[in-house]
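Breakdown of the fold
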Amino acid sequence: MMFDPMSWVRDDLKNARGYHVLDSPEGTIKLDAMENPFGLPDSVQASLAEAVATLPLNRYPDPQTKDLRREVSRLTGVRPEKLIFGNGSDEILLNLFLATKGTVVTPEPTFSMYRIIAGSIQRTFKGFPLRADFSFDPERLPSVLSGEPPGVLVLASPNNPTGLAYPLKTIFRAAEIAREYGFVTLLDEAYYPFHGESALSAAQGENLLVLRTFSKMGLAGLRLGFLVAPEPVIQLLDVLRLPYNMDSLTQRAAVLLMKEVYPLLEQQVREICRLREDLFQKMQDIPGVFPVPSRANFILFRVKGVSPSRLFKILLEKGILVRDVSGHHPLLEGTLRVTVGTSEENECFLKALKEGVAG
């Protein structure tokens with residue numbers, strides 16, 4: 001009898017799909033991953049190289065991330081004891097889902113990693129639809145949460161891939177209702193810099209945790225995320241955190257960049273917001289293209305007269321890589337998502353988009 005080398009693998013994972021990242025041919029204008037299109041100045045790159053060159057790589061990194069904790073505390077006004085860091089926000093999501101019980105609930109469409117991570121650890125996941133206009137109604141929560149084992153309600157604001165931000169009063173109302181059913185609320189503020197409205201001050205309470213990342217602001221290569229939560233939650237997650245999870249290079253680079261170039265990153269964010277509004281207006285002028293107002297660094301848009309998959313291929317043939325999200329959720333039928341690029345990149349995209357929808 002032939003041995004099946006996959007016989008020891010969980011059945012539910014044998015045909016599972018992970019988070020798929022598309023390859024982009026050299027020379028492609030990459031507008032698919034919500035990255036900051038602006039690089040760092042050469043002088044900062046030189047300082048960065050000098051700073052990491054002296055690291056004792058034969059030694060383990062600081063397990064308590066003391067310098068990083070101190071610097072993020074300075075920037076956010078959050079006490080160091082209420083912070084924990086991860087390799088991107090994904091690692092924190094994984095540990096939070098491992099540390100808690102019950103059902104993970106979230107309105108969809110939203111960031112696919114919530115469902116993927118929950119599934120990877122066999123955690124019960126329940127998605128429920130947003131309104132047709134992608135807004136979120138917290139008063140629907142009683143019917144959604146009723147009968148579910150108390151767990152985690154996950155909200156993303158601004159939301160990916162819709163770009164919509166929920167009013168703070170909506171978020172606080174959702175957290176209030178969730179608490180009545182025994183759920184803690186996790187608010188993912190990955191795109192906060194482009195919106196400017198945060199629930200961070202409310203995260204000092206017991207039922208609202210706030211997740212942040214430096215990726216969207218311009219430091220995607222560092223893979224640095226952090227969670228703001230009550231101290232008992234931080235202590236619990238610290239038990240699950242793998243030893244030395246934040247490497248020395250990331251810690252040293254992040255501290256230096258936050259000290260020296262954070263104002264520059266904020267300036268770049270303001271420029272991206274300006275470019276976003278300009279891109280939105282110009283997309284509205286293209287027949288067959290219907291962009292959704294965004295508070296993030298990307299724009300979701302619906303197309304008519306051409307299928308999203310066909311348009312995706314046309315754009316790629318013209319050297320523009322966007323994200324086809326039309327098959328991710330019924331509410332996303334007919335949609336694609338484009339990251340806000342530089343002025344030149346946006347103009348190239350608009351030209352290709354106009355030609356693509358015209359046939």
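Look up: the structure comes first, before these words.
Residues numbered from 1 in each chain as written. Predicted model: local features only at pLDDT ≥ 70, side-chain atom pairs only at ≥ 80, totals over all residues. Heavy atoms only, no water.

Comments concerning the pairing of strand 5 (residues 152–156)
One face of the sheet, then the other: side chains in a regular strand alternate in exactly this way. Within strand 5, five of the five residues are buried, leaving the element largely enclosed by the surrounding structure. Neither face of strand 5 is exposed, since Val-152, Val-154 and Ala-156 on one face and Leu-153 and Leu-155 on the opposite face are all buried. Bridge count between strand 5 and strand 6 (residues 184–188): five bridges; the pairing is parallel. The residue bridging Ala-156 from the neighbouring strand is Asp-188, located in strand 6. In the classification by handedness, the crossover that spans strand 5, the intervening helix 6 (residues 168–180) and the parallel strand 6 is right-handed. (Buried < 20%, exposed > 50% of the residue type's maximum accessible area, 1.4 Å probe, protein only. Helix = DSSP H or I, 4+ residues; strand = E, 2+ residues; numbered from the N terminus. Pairing = 2+ DSSP bridges. Right-handed = clockwise from strand over helix to strand, strands pointing away.)

A few points about the sheet that holds strand 9 (residues 289–291)
One open sheet accounts for four strands, arranged 9-10-13-12; its pairing is antiparallel. Looking at the sheet topology across the chains shown, the edges are occupied by strand 9 and strand 12 (323–324). Against the sheet, helix 10 (residues 262–284) makes contact with strand 9, strand 10 (298–303) and strand 13 (335–339), and its axis sits at roughly 10 degrees relative to strand 10, the strand it touches most. Helix 12 (residues 343–358) contacts strand 9, strand 10 and strand 13 of the sheet and is inclined by roughly 10 degrees relative to strand 10. (Contact = heavy atoms within 4.5 Å. Axes fitted to C-alpha atoms, helices over the stretch in contact; angles between N-to-C directions.)

Some remarks on the pattern of salt bridges
Enumeration according to the criterion identifies 22 salt bridges in this entry. With its nearest N and O atoms 3.4 Å apart, the salt bridge here joins Asp-90 to Arg-223. Taken together, the residues span a long stretch of sequence, with Asp-90 in helix 3 (residues 88–99) and Arg-223 in the loop between helix 7 (215–219) and strand 8 (224–228) at a distance of 133 residues. Owing to a relative accessible area of 24%, Asp-90 belongs among the partly exposed residues under this scheme. Two residues, Arg-274 and Glu-271, come together in a salt bridge whose shortest N-O distance is 2.7 Å. Of this pair, Arg-274 and Glu-271 both sit in helix 10, separated by three residues, roughly a single helical turn. Taking relative accessible area as the criterion, Arg-274 reaches 47% and is therefore assigned partly exposed. (Salt bridge = Lys/Arg side-chain N within 4 Å of Asp/Glu carboxyl O.)

Observations concerning the packing of aromatic side chains
The final tally for this structure, using the stated rule, is eight aromatic pairs. Note on Tyr-60 and Tyr-244: the rings are 4.4 Å apart at their centroids and 10 degrees apart in plane angle, and the pair reads as stacked. You can see Tyr-60 sitting in the loop between helix 1 (42–53) and helix 2 (66–76) and its partner Tyr-244 sitting in the loop between helix 8 (231–240) and helix 9 (248–260), a full 184 residues away along the chain. A relative accessible area of 66% means that Tyr-60 is categorised as exposed. For Tyr-244, a relative accessible area of 35% translates into the label partly exposed. Aromatic side chains Phe-111 and Tyr-114 sit 5.4 Å apart centroid to centroid with 90 degrees between the ring planes, which places their arrangement in the edge-to-face category. Like Phe-111, the residue Tyr-114 is buried in the burial classification. (Phe/Tyr/Trp six-rings, centres within 6.5 Å; stacked < 30°, edge-to-face > 60°.)

What to know about the nonpolar core
Counting residues in hydrophobic clusters, the biggest one holds 63 residues, and the most contacted among them are Met-283, Phe-301 and Phe-349. Residue contributions to this core peak at nine residues, all from helix 10. In this structure Met-283 touches Val-289, Pro-291, Ile-299, Phe-301, Val-338, Phe-349, Leu-350 and Leu-353, once residues within four positions along its chain are discounted. Counting residues in hydrophobic clusters, the runner-up holds 23 residues, among them Phe-125, Ala-156, Leu-186 and Leu-237. (Core = buried A, V, L, I, M, F, W, Y, C linked by side-chain atoms within 4.5 Å.)

A closer look at the side chain of Glu-189
Relative to the assigned elements, Glu-189 resides in the loop between strand 6 and strand 7 (208–213). Excluding anything up to four places from it in sequence, Glu-189 contacts Ser-157, Glu-197, Ser-198, Ala-199, Leu-200, Val-210, Leu-211 and Arg-212.

A closer look at helix 3
Residues that lie three or four places apart on an α-helix share one face, since the helix turns once every 3.6 residues. Helix length check: helix 3, at twelve residues, gives a terminal C-alpha distance of 18 Å against a target of 16 Å (1.5 Å per residue), a fit within 8%. Every buried residue of helix 3 is accounted for by Gly-88, Ser-89, Glu-91, Ile-92, Leu-93, Asn-95, Leu-96 and Phe-97. (Expected span 1.5 Å × (residues − 1).)

Let's talk about unusual backbone geometry
In this chain, Glu-108 is followed by Pro-109 through a cis amide linkage whose omega measures 10 degrees. Along the chain, the position of Pro-109 falls in the loop between strand 3 (104–108) and helix 4 (113–120). Here Ser-157 and Pro-158 are connected by a cis peptide whose omega angle stands at -5 degrees. Inspection of the secondary structure puts Pro-158 in the loop between strand 5 and helix 6. We note that Gln-122 has phi near 60 degrees; this positive angle belongs to a residue other than glycine.

Quick notes on the sheet that holds strand 2 (residues 83–87)
Strand order across the open sheet formed by seven strands is 2-8-7-6-5-3-4, with mixed pairing between neighbours. Every interior strand has two partners, whereas the edge strands, strand 2 and strand 4 (125–129), have only one. The sheet shows a mean angle of 25 degrees between the axes of neighbouring strands, taken without regard to direction. Sheet topology places strand 3 next to strand 4; five bridges connect them, and they run parallel. Directly across from Thr-106, in strand 4, lies its bridge partner Gly-127. Where helix 2 meets the sheet, its contacts fall on strand 2 and strand 8, and the angle it forms with strand 2 comes to roughly 115 degrees. Strands strand 2, strand 3, strand 5, strand 6, strand 7 and strand 8 of the sheet are contacted by helix 3, whose axis makes an angle of about 115 degrees with strand 2.

Considering the pairing of strand 7
In terms of burial, strand 7 is a largely internal element, six of the six residues being buried. The two faces of strand 7 match: Leu-208, Val-210 and Arg-212 on one face and Leu-209, Leu-211 and Thr-213 on the other face are all buried. For strand 6 and strand 7, the ladder comprises four bridges, and the chain directions are parallel. Bridge pairing links Leu-187 to Val-210 in strand 7. Inspection of the sheet shows strand 7 paired to strand 8 by four bridges, in the antiparallel sense. Paired with Thr-213 across the two strands is Gly-225, which belongs to strand 8.

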